[in-house]
Amino acid sequence: MRLHLVTDTRPGKNPIETVAAALKAGFDVIQVRPEDHVTDREAYELTRRVLAMCRELGRTCLVNDRLHIALAAGADGGHVGADDLPVAAARRILGPGAILGATARDPETARRAVADGASYLGVGPAFTTTTKAGLPAAIGPEGVRAVAAAVDVPVVAIGGVTAARARELYAAGADAVAVVGAVSGAEDPYAAAMEFTR
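Conventions we followed
- Residues numbered from 1 in each chain as written.
- Predicted model: local features only at pLDDT ≥ 70, side-chain atom pairs only at ≥ 80, totals over all residues.
- Heavy atoms only, no water.
- Helix = DSSP H or I, 4+ residues; strand = E, 2+ residues; numbered from the N terminus.
- Buried < 20%, exposed > 50% of the residue type's maximum accessible area, 1.4 Å probe, protein only.
- Contact = heavy atoms within 4.5 Å.
- 1 Å grid on protein atoms, 1.4 Å probe; cavity = no way out; pocket = protein on both sides within 12 Å on 5 of 7 lines; lining within 4 Å.
- Points joined across faces, edges and corners; volume = space filled by probe spheres on them.
- Nonpolar A, V, L, I, M, F, W, Y, C, P; charged D, E, K, R; others polar.
- Pairing = 2+ DSSP bridges.
- Right-handed = clockwise from strand over helix to strand, strands pointing away.
- Axes fitted to C-alpha atoms, helices over the stretch in contact; angles between N-to-C directions.
- Parallel < 35°, antiparallel > 145°, perpendicular 65-115°, else oblique.
- Left-handed = near helix turned anticlockwise from the far one by under 90°.

**Student:** Could you clarify how one ought to interpret the side chain of Thr60 in this entry?
**Tutor:** Mapped onto the elements, Thr60 comes out in strand S3 (residues 60-64). Taking the relative accessible area as the measure of exposure, Thr60 reaches 13% and is therefore buried. Filtering out sequence-adjacent residues up to four positions away, Thr60 remains in contact with Met1, Asp28, Val29, Ile30, Cys54, Asp76 and Ile99.

What follows is the structure, given as structure tokens:
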């Protein structure tokens, strides 16, 4: 699972169109990340649609933060960030068989998350990004390398990832990259997604 798309549900964005483009380009994981203004009903409906698109192609669908939506929709798992439920609590909710991602930006946090049940780690922000407000300073490829060396689960670099920077992150030890703005903000999402596939 080398390419993750994280949906952008901010006003004016079309997450379904972006997901379709990413799947067509070969992305293997779609993470539904509902913004705070998105109601649970809307998040559930979006997840069901994305999940159906993923199932058709044998791809993975995860839900960020709202684990009850992941369970209700039948998604493959979820992802918890630094301000979401603790990893151990999230694992209890999702059960032993689900994929559970956790956010980490340093080796200590990473090792703790894995010990608490994380299946993979979202590591970053790798670079400065405007997609999400209130993020800490970027850790760069070296920060990603430090986390990757500390754990034996897949490391997914996120934050300001472009197709050109993806190579640098893979070289630093990232198993995958997660993309938001580079695809959802592109004039042609499919062409942008194909840049990553190449």
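**Student:** Is there a simple way to explain empty space enclosed by the protein in this structure?
**Tutor:** The gaps of empty space that remain are located by a probe, the size of a water molecule, rolled over the atoms. With the rule as written, the count across this model stands at one cavity of 30 Å³ or more. For the largest cavity, the full set of lining residues is Leu5, Thr7, Asp8, Lys13, Asn14, Pro15, Thr18, Val19 and Ser184. Counting residues per element, the lining of the largest cavity draws most heavily on helix H1 (residues 15-25), at three residues. The residue makeup of the lining of the largest cavity, split by class, is three nonpolar, four polar and two charged.

**Student:** What's the story with the pairing of S3 in this structure? I'm lost.
**Tutor:** Along any regular strand the residues' side chains alternate between the sheet's two faces. Counting buried residues in S3 gives five out of five residues, a clear majority hidden from the surface. Covered by surrounding structure in S3 are Thr60, Leu62 and Asn64 together with Cys61 and Val63, the residues of both alternating faces. Pairing between strand S2 (residues 29-32) and S3: four bridges, direction parallel. Bridge assignment links Ile30 to a residue of S3, and that residue is Cys61. With helix H2 (residues 40-57) bridging S2 and its parallel neighbour S3, the resulting β-α-β unit is right-handed. Alignment of S3 against strand S4 (residues 77-80), held across three bridges, turns out to be parallel. Note that in S4 the partner of Val63 across the bridge is Gly78.

**Student:** Help me out: how do you make sense of the packing of helix H5 (residues 107-115) against helix H6 (residues 140-150) in this one?
**Tutor:** Direction vectors running N to C along H5 and H6 enclose 40°, while the axes themselves pass 9 Å from each other. With respect to their mutual orientation, H5 and H6 come out oblique. Crossing hand, H5 versus H6: right-handed. Residues Pro107, Ala110 and Arg111 of H5 lie in contact with H6, whose contacting residues are Ala146, Val147 and Ala150. Taken together, the residues of the contact of H5 with H6 sort by class into five nonpolar, no polar and one charged.

That's the geometry; what it means functionally is another story.
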